[in-house]
Amino acid sequence: MSDLATPEAVGTRGPTAAGGVLRSALVWVLRLLVVTLGILTILFFLLRLSGDPAAVVAGAGATDAQVEQVRVSLGLDQPLLTQYAQFLADTARLDFGSSLLTDQPALGMVLDRMPATLLLAAITIVVSTLIGVPLGVLAAARHRRTTGRLLSLLAALLQAVPSFLLGILLLLVLGLHLGWLPTYGSGTPVHLVLPVATLAAITIARIVRLTRSGVLQALGQEFTGAALARGATRRRVLWNHALRNALVPLTAFVTIEVAHLISGAVIVESLFAYDGVGRQLVDSIFRRDYPVVQATVFVIAVLVVLISAAGDLLLHRLDPRMRREA
Amino acid sequence: MTSPDPLLEITGLRLEAGAADAPARLVDGVDLAVAPGEVVGLVGESGSGKSLTMRSVLGLLPSGVRASGGRVGWDGEDLLAASEPRLREVRGGEIGMVYQDPSQALDPLMRVGDHIVETLRLHDPRLSRRAARERAVEALAAVGVPDPARRSRQYPHEFSGGMKQRAMIAVALANRPRLVIADEPTTALDVTIQAQVLDLLRTARDELGTAVVLITHDLGLVAEIADRVAVMYAGSVVEVGPVGELFSDPQHPYTRGLLASRPHLAARGAALPAIAGQPPLPTGRPPGCAFHPRCPLAGDLCVTDAPLLELRGPDHRTACHVPAPEGALR
């Protein structure tokens, strides 16, 4: 927007375009490094404050000497900063060590579970968008009528229901009472229904509200009136002009939501005993299984940064005004 | 009123908003005629109903505003009674629209050329996208956008204000309409650019025979480009006539007030003679002549009876009970 004041030629496809791409790629790599380093640092110290893994690993009946032996073998007797430096060096080599409980490589355990979580998040976001966007447009187009009011009321209500409550409700009614759907486990398409429904409900509500307000805002601006004055149908103005403009904030939101779904699958995965990273993360935290927790958080952090980079790319495609900034 | 066959002939137009039993009369019996190829200036303060009047021609009234009477004659047909598909043919096809602020009126996510492509293809679905693109480039070239082929692929934010308004005019003229409604087309622009925009409208009239309704509060613009002027006050036309006549011999006290309140270099330093008071709100219009509470010449009749437009000179009408004194305020 800054070039509003400078009149005339401002070419977008100048010779600097290639350099710009390289520069923004560099910025993204840097951001990835800074974010993951920051998160891992916070995580490292938080975990060390949360309890003694040596005691857990050694078992309940272990003597002090046994616990001390475990502590030394895990390297936990070293000064904290030495441990931290060692941790960073290992992370740089993508070596997160082995699970304190199962002795399997921690990163492998996380990567094994990741597809299930990604599948859950992907299906949720696709379903939510396919349902939420048309409903949001409808709510905007009919905002003065009963349909529109009912839709926004429903969306507001749904958004206010905590996901664990909705999950329990769905589980009780559809799973236990009616027996239509399996209440726990993963692996088959029917196992996805309840977790997806639980996660999607709130995402749909948010998408409906965001689409509605975005479309209404666009309809209040002069360019939609000008499109009508060019002879466009109301339908065309709604979908081609108003929705298109509403997609810009919507894309930004959906990006954040995908990241949320991956990191926030914890509750729903635990509730439905769905074998994703979320459930494994919760279990590992309770067992003080540091290597697995660290590996999980590392993978999620990298994914979130990558997803927001993809979202930014998409936004640049959608909104020409962003292409010159970055 | 000049020509026996006006292109646009609005008679007794009434536009209302609010409850049916106590509506706000936003436009209260407007008469206005535009001949083919004629430039008419529609002048008035904000809220006088000039923009609403012209929006009703396109059937694009804001929600909540309804036409409760009158006729919008368009080449013999009544557009107030026209179907939505017929109105779509008129919008952008037979009547083009230029807005006050081109940075608001162009879709920020649409390439400038695609605005023209859309307009062309909406009115001629058989036109190929490729052919429409070529015509869009020609249309941009015609309004003086330099390097039109490249510029047509750019987005509105890459255009300066003046270039955006040129593009807006190219959109309005894309289908060679018979009338262009220009709603304050220069208000948002630098003074140096205003003249260029006016030139474009004039050129459209001269070369394509397009009639123009220029909605404005700037009497200077009107003097420069219009053939005839209609002055609106509180939802009605109070005076209409040829531009020279209306400026040299204004009949309505409101018109005289407007002309007198323009700054003059000669009277520098002196206070501008403003019209006392405020225009009435649409919900609280006084009975009789709507201008009478502010009128220095108001008599008893003005308080009770609304004046009608009456002929005062050749093609010069005014709605006022008080005859103009010889050698009026200016």
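Residues numbered from 1 in each chain as written. Chains lettered and ligands numbered in written order. Predicted model: local features only at pLDDT ≥ 70, side-chain atom pairs only at ≥ 80, totals over all residues.

Our next topic: the overall build of chain B. Looking only at helices and strands, chain B features twelve helices and twelve strands. The C-alpha atoms of chain B give 21 Å as radius of gyration, which agrees with the globular expectation for 330 residues (20 Å, within 12%). Taken along its principal axes, the extent of the C-alpha atoms in chain B is 65 × 50 × 35 Å. Residues classed as buried in chain B amount to 50% of the 330 residues present. Once local pairs closer than 6 in sequence are excluded, the contacts in chain B between residues at least 24 apart make up 64%. (Helix = DSSP H or I, 4+ residues; strand = E, 2+ residues; numbered from the N terminus. Rg over C-alpha atoms; globule rule 2.2 N^0.38 Å. Buried ≥ 20, exposed ≤ 12 C-beta atoms within 10 Å, placed from the backbone. Contact = placed C-beta atoms within 7 Å.)

Residues and elements named next belong to chain B. Taken in spatial order, the four strands line up as β2-β1-β4-β5 in an open sheet, and their pairing is antiparallel. Strands with a single pairing partner mark the edges of an open sheet, and in this sheet they are β2 (24-34) and β5 (77-78). With eight bridges connecting them, strand β1 (residues 8-17) and β2 associate as antiparallel partners. From the neighbouring strand, Ile10 faces β2, where its bridge partner is Leu32. Along the sheet, helix α1 (residues 50-58) makes contact with β1, β2 and β4 (65-74), crossing β1 at roughly 110°. (Pairing = 2+ DSSP bridges. Axes fitted to C-alpha atoms, helices over the stretch in contact; angles between N-to-C directions.)

What follows concerns the interface of chain A and chain B. Taken together, the contacts link 25 residues of chain A with 25 residues of chain B. Elements with a contribution of two residues or more to the side of chain A that touches chain B: α9 (222-229) and α10 (234-271) of chain A. No other element matches α9 of chain A, which puts seven residues into the side of chain A that touches chain B. By residue class, the composition of the side of chain A that touches chain B is eleven nonpolar, seven polar and seven charged. (Nonpolar A, V, L, I, M, F, W, Y, C, P; charged D, E, K, R; others polar.)

In this section: the nonpolar core. In this structure, Ala167, Ala170, Val180, Val213, Leu214 and Val231 of chain B are the most contacted members of the largest nonpolar core, which totals 161 residues. No other element matches α10 of chain A, which puts 15 residues into this core. If near-sequence neighbours (up to four positions away) are discounted, Val231 of chain B is found in contact with Val43, Gly44, Val237, Val238, Glu239, His252, Tyr254, Thr255 and Leu258 of chain B. (Core = buried A, V, L, I, M, F, W, Y, C linked by C-beta atoms within 7 Å.)

In this section: the confidence of the model for chain B. Taken residue by residue, chain B gives an average pLDDT of 89. The fraction at 70 or more is 95%. Reported confidence for the predicted complex is 0.88 by ipTM and 0.82 by pTM. (pLDDT = per-residue confidence, 0-100.)

Time to look at the packing of helix α4 (residues 112-123) of chain B against helix α5 (residues 129-142) of chain B. Residue and element names in this part refer to chain B. The contact between α4 and α5 brings their axes to 8 Å, and the two run at 120°. When the axis of α4 is compared with that of α5, the two are oblique. Like other packed secondary-structure pairs, α4 and α5 cross with a definite hand, here right-handed. Across the interface between the two elements, Gly113, Ile116, Val117, Leu120 and Arg121 of α4 pack against Arg129, Ala132, Arg133, Arg135, Ala136, Val137, Ala139 and Leu140 of α5. For the contact of α4 with α5, the class distribution of residues is eight nonpolar, one polar and four charged. (Parallel < 35°, antiparallel > 145°, perpendicular 65-115°, else oblique. Left-handed = near helix turned anticlockwise from the far one by under 90°.)

Residues and elements named next belong to chain A. Between its first and last C-alpha atoms helix α4 (residues 80-92) spans 18 Å; for 13 residues at 1.5 Å apiece the expected length is 18 Å, and the two agree. Within α4, only one of the 13 residues are buried, which leaves the element largely exposed. At the C-terminal side of α4, Leu94 shows a positive phi close to 60°. (Expected span 1.5 Å × (residues − 1).)

The next point concerns the pairing of β2 of chain B. With nine of its eleven residues buried, β2 of chain B lies for the most part within the structure. Here β1 of chain B folds back onto β2 of chain B in antiparallel fashion, the turn holding six residues, of which Gly18 of chain B has a positive phi close to 90°.

Turning to the environment of Ser99 of chain A, a few remarks are in order. Residue and element names in this part refer to chain A. Turning to its location among the elements, Ser99 is positioned in the loop between α4 and α5 (106-141). By the C-beta count within 10 Å, which is 21 here, Ser99 ends up buried. With 181 residues separating them along the chain, Ser99 and Gln280 place their C-alpha atoms 12 Å apart.

Residues and elements named next belong to chain A. Averaged over every residue, the pLDDT of chain A is 84; the share at 70 or more is 93%. The secondary structure element of chain A with the lowest average pLDDT is helix α2 (residues 53-58), at 75, and the one with the highest is α9, at 95. Residue range residues 1-15 is modelled with pLDDT below 50. Its contacts to residues more than four positions away, or to other chains, number eleven contacts.

What follows covers the packing of helix α8 (residues 189-219) of chain A against α10 of chain A. Residues and elements named next belong to chain A. Interhelical geometry of α8 versus α10 gives an angle of 160° and a closest axis separation of 9 Å. Considered as vectors, α8 and α10 are oriented roughly antiparallel to each other. The two elements α8 and α10 cross, and the hand of that crossing is right-handed. The residues of α10 that touch α8, namely those facing Pro195, Thr198, Leu199, Thr203, Leu210, Thr211, Gly214, Val215, Ala218 and Leu219, are His241, Ala242, Leu243, Asn245, Ala246, Pro249, Leu250, Phe253, Glu257, Leu261 and Val268. A breakdown of the residues in the contact of α8 with α10 according to their chemical character gives 14 nonpolar, six polar and one charged.

Two strands in a sheet stick together by hydrogen bonds in their backbones, pointing the same way (parallel) or opposite ways (antiparallel). Residues and elements named next belong to chain B. Strand order in the open sheet formed by eight strands is β6-β7-β8-β3-β9-β10-β12-β11, with mixed pairing between adjacent strands. One side of each edge strand has no neighbouring strand; the edge strands of this open sheet are β6 (95-98) and β11 (310-313). On average, adjacent strands in this sheet sit at an angle of 20° to one another, irrespective of strand direction. Looking at chain direction, strand β10 (residues 236-242) and strand β12 (residues 316-318) are connected through two bridges and run antiparallel. The residue of β12 that forms the bridge with Val240 is Arg317. Here helix α7 (residues 161-173) sits on the sheet and contacts β6 and β7 (179-183); the angle it forms with β6, its principal contact strand, is near 165°. The sheet strands contacting helix α11 (residues 253-260) are β9 (228-233) and β10, and the helix crosses β9 at an angle near 105°.

We now examine the pairing of strand β3 (residues 39-43) of chain B. Residue and element names in this part refer to chain B. Taking burial as the measure, the five residues of β3 include five buried ones, the bulk of the element. The two faces of β3 match: Val39, Gly41 and Val43 on one face and Val40 and Leu42 on the other face are all buried. The pairing of β3 with strand β8 (residues 211-216) spans five bridges and is classified as parallel. Opposite Gly41, over in β8, you have Leu214 as the bridge partner. Here β3 runs beside β9; their pairing, made up of four bridges, is parallel. If you follow Leu42 over to β9, its bridge partner there is Ala230.

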